[in-house]
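Listed below are the residues making up each chain.
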Amino acid sequence: MMKKRFLFAFILFLISVLNTYAGIELRSRQMKTSDGLPSNSVRYMYQDSKGFLWFGTLNGLSRYDGNSFLTFQPGNDGKPSLADNRIFNITEDKHGFLWMGTTVRLYSCYDLQKACFVEYMEPEDQDRNYSKLFLASCGDVWLWHPDNGVRRVIHQEEGILTSTVFKTEAGNLPDNRVNFVREDNDGRIWIGTKRGLALVVDGEVKIVDRALHFVSMLANGDRVYFLTENGDIYSYQEKTQELLKQAALSAVAGKMSLTDDFRIKDKWVILTSTGVYNYDLVKYTLTPDTHLDIKKGEPVLLMERLSYQDNVPIEYAYNVYRADRYRYNITLHKNQINKEIVIG
């Protein structure tokens with residue numbers, strides 16, 4: 001019965017896709033090592049601002065111009081080069097620099113204008129292990145690792161990069177075990193750690209807290225909210241420059257553990273081991289979600305779709321995927337529709 005339900009749903013989805021793209025001719029071509037790729041195991045694909053396609057593989061980085069591949073691999077001539085052959089992430093910053101994350105927790109930087117790899121920290125600097133990246137709206141690049149603090153990379157004139165380290169040893173971070181680096185709507189940078197919270201404004205650091213274990217953050221207008229490991233929600237009070245507890249998940253969910261969180265319109269959706277809970281950003285209330293029944297699981301993918309008609313939004317669709325369940329909520333002209341497809 002379940003397989004029939006899934007098959008029926010898949011057929012409906014296929015029909016809708018075919019109707020949408022009936023007038024578009026799609027062509028494809030498979031490319032392998034015989035075409036110039038350094039490896040058939042491609043982990044990441046990215047198109048830069050110049051139109052080039054970049055492929056992160058398990059044996060180097062390749063740039064494709066539509067005709068041929070140009071491959072980059074670690075060098076041994078002392079010049080800046082790719083840190084490792086195994087690439088898991090590629091992204092471009094506002095200044096036209098490409099950043100590649102590798103499996104050895106090292107980031108490489110490539111200047112698209114000068115067509116060369118560049119160094120973003122001093123050669124003698126030993127704090128090089130970073131596994132995550134955040135691009136700030138001002139153009140700064142923030143690198144961090146769960147055990148190695150944070151590094152802020154700033155673009156100077158003539159393509160020169162300089163950086164500043166944030167660590168407990170430097171006195172500008174409450175804990176080196178970093179969980180997130182986020183930006184609020186005023187362009188301020190927040191660094192959440194397993195033991196404290198730091199605020200960075202124009203390079204100046206303020207340690208807001210030195211005790212709590214922060215796991216996530218959400219900016220809503222001029223207010224900033226934080227979620228701790230035990231499920232407490234705090235807001236930052238601008239006047240007092242202190243944190244104020246707004247709600248506690250333990251009061252409505254009991255003993256639980258957090259698995260993930262995301263925003264849907266005016267709600268902060270928090271996934272836990274016992275269910276899903278919504279923090280209303282307008283009413284400031286925390287309640288169980290009556291539509292999303294996801295227990296002991298994390299969403300594999302969250303996708304948001306917004307459809308317009310005559311420049312007026314007419315449909316919002318939020319999709320949460322799990323390994324064994326697919327649920328979605330659709331708001332169409334303020335009429336709520338909830339459907340569920342169970343796979344397997």
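Predicted, not measured: the structure shown is a model, and the values here were computed from it. (Residues numbered from 1 in each chain as written. Predicted model: local features only at pLDDT ≥ 70, side-chain atom pairs only at ≥ 80, totals over all residues. Heavy atoms only, no water.)

Colleague: Explanation requested: the pairing of strand 21 (residues 258-264) in the structure shown.
Modeller: Sheet faces and side chains relate simply in a regular strand, where the side chains alternate between the two faces. Bridge count for strand 21 against strand 22 (residues 267-272) is six bridges, and the pairing is antiparallel. Across the sheet, the residue bridging to Ile 264 is Lys 267, located in strand 22. The antiparallel hairpin formed by strand 21 and strand 22 contains two residues in its connecting segment, where Lys 265 sits at a positive phi of about 55°. (Pairing = 2+ DSSP bridges. Helix = DSSP H or I, 4+ residues; strand = E, 2+ residues; numbered from the N terminus.)

Colleague: Honestly, the state of the cysteines in this entry has me stumped. Any pointers?
Modeller: A disulfide bridge is the covalent bond that connects two cysteines by way of their sulfur atoms. In the structure shown here, the tally under the stated rule is zero disulfides. This cysteine, Cys 116, is not joined by any disulfide, and Cys 109 carries the nearest cysteine sulfur, 9.3 Å off. Judged by its relative accessible area of 29%, Cys 116 falls in the partly exposed class. (Disulfide = S-S within 2.5 Å. Buried < 20%, exposed > 50% of the residue type's maximum accessible area, 1.4 Å probe, protein only.)

Colleague: Mind showing me how you'd approach the sheet that holds strand 19 (residues 232-237) here?
Modeller: What holds strands together in a sheet is hydrogen bonding between their backbones, with the strands either parallel or antiparallel. Judged by pairing direction, the sheet is antiparallel, and its four strands sit side by side in the order 17-18-19-20 without closing on themselves. Single-partner strands in this sheet number two, and they are strand 17 (214-220) and strand 20 (242-248). Strand-to-strand twist of the sheet, defined as the mean angle between neighbouring strand axes without regard to direction, takes the value 30°. Across six bridges, the pairing between strand 19 and strand 20 is antiparallel. Counterpart to Ser 235 in the pairing with strand 20 is Leu 244. (Axes fitted to C-alpha atoms, helices over the stretch in contact; angles between N-to-C directions.)

Colleague: When you look at the packing of aromatic side chains in this model, what are you seeing that I'm missing?
Modeller: A ring pair, where both rings are aromatic, is described by two values, the distance of the centres and the angle of the planes. Scanning the model with the defined rule gives 13 aromatic pairs in all. An aromatic cluster is present here, built from Trp 54, Phe 72, Tyr 110 and Phe 117 joined pairwise through their rings. The ring of Phe 52 has Arg 63 lying over it, and the distance from NZ or CZ to the ring centre is 4.4 Å. (Phe/Tyr/Trp six-rings, centres within 6.5 Å; stacked < 30°, edge-to-face > 60°. Lys NZ or Arg CZ within 6 Å of the ring centre and 35° of its normal.)

Colleague: Quick question: what am I supposed to make of the pairing of strand 5 (residues 87-92) here?
Modeller: Across the six residues that make up strand 5, a large majority, five, are buried. Sheet analysis places strand 5 next to strand 6 (residues 97-102), joined by five bridges and oriented antiparallel. By the bridge assignment for strand 6, Asn 89 is matched with Gly 101. In this antiparallel pair of consecutive strands, strand 5 and strand 6, the connection spans four residues, and Gly 96 shows a positive phi of 80°.

Colleague: Help me out: how do you make sense of the nonpolar core in this one?
Modeller: Within soluble globular proteins, side chains that are nonpolar tend to cluster in buried spots. Counting 14 residues, the largest nonpolar core has Tyr 225, Ile 233, Leu 249, Trp 268, Ile 270, Tyr 279 and Leu 286 as the members making the most contacts within it. Of all the secondary-structure elements, those providing two or more residues to this core are strand 18 (223-228), helix 2 (249-253), strand 22 and strand 23 (275-280). Discounting chain neighbours no more than four positions away, the residues touching Ile 270 are Leu 227, Ile 233, Leu 249, Leu 258, Asp 260, Asp 261, Gly 275, Val 276 and Tyr 277. (Core = buried A, V, L, I, M, F, W, Y, C linked by side-chain atoms within 4.5 Å. Contact = heavy atoms within 4.5 Å.)

What is shown is where atoms sit, not what they do.
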